[in-house]
Amino acid sequence: MTVMDEARRGRITEEVKAAAKEEGLEPEKLRRGIASGKIILTGYARGERCKIVAVGEGLRTKVNANVGASSEFSNIKIELEKALTAVRYGADTLMDLSTSEDLNEIRRLILKETPLPVGTVPIYQAGVEAIRKHGAIVDMGEDEVLRVVENHAKEGVDFMTIHAGITQGITAQLAEHPRVAGVVSRGGVFLASWILHHKAENPFYKNFDYLLEIARSYDFCISLGDSLRPGSLADASDWFQIQELLTVQKLVERCWRAGVQVMVEGPGHLPLNQVEANVVLHKSLCKGAPLYLLGPIVTDIGAGYDHIVGAVGGAVAAMAGADFLCYVTPSEHLALPTVEDVREGVIAARLAAHCADVVKLGERASRHDLEMAQARAKLDWETMYKLSLDPVRAREVREKGKTKTDACTMCGQYCVYRILPAKQTGCI
Ligand code: SF4
């Protein structure tokens, strides 16, 4: 029986209780969310070694950090260090996006050494292995693609991006209606090339019932990938993106009918004034299934600072109802992220998520802001560091400037809290 089956039968499992406690909610509320598909539960495949994380409506906005070696740079120790850095700075989940030679080893190490739910993108491994075995990505066999999914599931992967929404019919239109940035999802490109080469249907779409059987057997969550997400503002909300979403909508219903947990991945590059509309459209078409967004990237010119661009888009998206933000690092569009990039990316995405949660969840989230404001009014630096998302950075910045007072170097003796101390201004 899957987690969704149990929830539909009214059972409140230990995992549901753990996630509810973490969210500060009644377990029954979480159970109902899981039963309806509006919440997914993840992190139960590896038993007590892994934190249970719930994603969806009415919950704290979650943040994912991607790690994984590339064909250009492959170092298992560094990828593990990135994963542990993401854990330290507050990521809720990790995704291993490796496309290097060591991809089995890296995935197993991340599953073994980290306490967070782990997601993967099986089509990457299928493509990399096809090149190794047969010489080209388009030589992936359908069975080989499905075998990768099953192998990841056997190892305890918690959620997998399955690019089932890019069909042969949609792909056929690519040459007819060119886009500025084309297809920017790596998994989407692998599959579009395969579909065009073989003049055949996407193996994930064609074999979706079999995929659901695997997902039921191992009870992992399917994350429906957005192969045709816009890769530039010019392509935002275009025909391809929406056609894929209409296919994804039907796949969500098939997952739910099979008792399989599912979330929907969303765009991509979007101008700021299209972010809310996209969230509402995804949520409405997919009947409230949890929405997982990369960024969104709200301008194309932020190279080197795309973690800030992603945080701006992420805050607006989460406020509009997105449930899960995939971090963006300063290396986005430029290079494989370093350990320091991972730290900056996680902090930026966590800030975006929290800004939205203050609005979405009210006091459940904003009490941290209140505690910080109270500590600030008392010039209580130790409490301020403790409440910061990055206490190390906060301490470093303050201690860079030596001050003779208990204020900081910004105003020194003219510090507002020294001139009129908190108790005299009525600060609580
Ligand atoms: S010195 Fe200025 S910036 Fe620093 S704590 Fe006081 S009021 Fe704030």
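Cut-offs applied
Residues numbered from 1 in each chain as written. Predicted model: local features only at pLDDT ≥ 70, side-chain atom pairs only at ≥ 80, totals over all residues. Heavy atoms only, no water. Salt bridge = Lys/Arg side-chain N within 4 Å of Asp/Glu carboxyl O. Helix = DSSP H or I, 4+ residues; strand = E, 2+ residues; numbered from the N terminus. Buried < 20%, exposed > 50% of the residue type's maximum accessible area, 1.4 Å probe, protein only. Near = heavy atom within 4 Å. Nonpolar A, V, L, I, M, F, W, Y, C, P; charged D, E, K, R; others polar. Pairing = 2+ DSSP bridges. Domains from an automatic or database assignment. Contact = heavy atoms within 4.5 Å. Buried area = accessible area lost by both parts, 1.4 Å probe.

### Notes on the pattern of salt bridges
Between side chains of opposite charge, pairing is possible as soon as their charged atoms come close.
1) Next: Following the criterion strictly, the structure yields 27 salt bridges and no others.
2) Next: Asp92 is the partner of Arg350 in a salt bridge, and the nearest nitrogen-oxygen pair spans 3.1 Å. A residue pair is termed long-range when its members are at least 10 positions apart, and Arg350 in helix 15 (residues 339-361) and Asp92 in the loop between helix 4 (76-88) and strand 4 (93-96) qualify at 258 residues. Taken as a pair, Arg350 and Asp92 share a single burial class, namely buried.
3) Next: Its salt-bridge partner being Lys133, residue Glu144 comes within 3.7 Å of it at the nearest N-O pair. With Glu144 in helix 7 (residues 142-154) and Lys133 in helix 6 (residues 122-134), this pair connects stretches of sequence that are 11 residues apart.
4) Next: Of the residues examined, Glu144 reaches a relative accessible area of 19% and is grouped as buried.
5) Next: For Lys133, a relative accessible area of 52% puts it in the exposed group.
6) Next: Because the salt bridges share partners, they merge into one network encompassing Glu23, Lys62 and Arg364.

### Some remarks on the site of the ligand
1) Next: Every residue lining the ligand is accounted for by Leu379, Trp381, Ala407, Cys408, Met410, Cys411, Gly412, Cys415 and Val416.
2) Next: Classifying every residue of the shell around the ligand gives eight nonpolar, one polar and no charged.

### Details of the pairing of strand 6 (residues 159-162)
1) Next: Here strand 6 shows two buried faces, one formed by Phe159 and Thr161 and the other by Met160 and Ile162.
2) Next: Pairing of strand 5 (residues 118-120) with strand 6, which is carried by two bridges, proceeds in the parallel orientation. Bridging across to strand 6, Thr120 finds its partner in Met160.

### What about the domain arrangement of the protein?
1) Next: The assigned domain composition of the protein is domain 1 (60-360) and domain 2 (364-425).
2) Next: The gap between the C-alpha centroids of domain 1 and domain 2 is 39 Å.
3) Next: Domain 1 puts 10 residues into the contact, and the matching count from domain 2 is eight residues.
4) Next: Interface area for domain 1 against domain 2, summed over the two sides, is near 710 Å², with a carbon-plus-sulfur share of 59%.
5) Next: At the junction of domain 1 and domain 2, the tally comes to one salt bridge.

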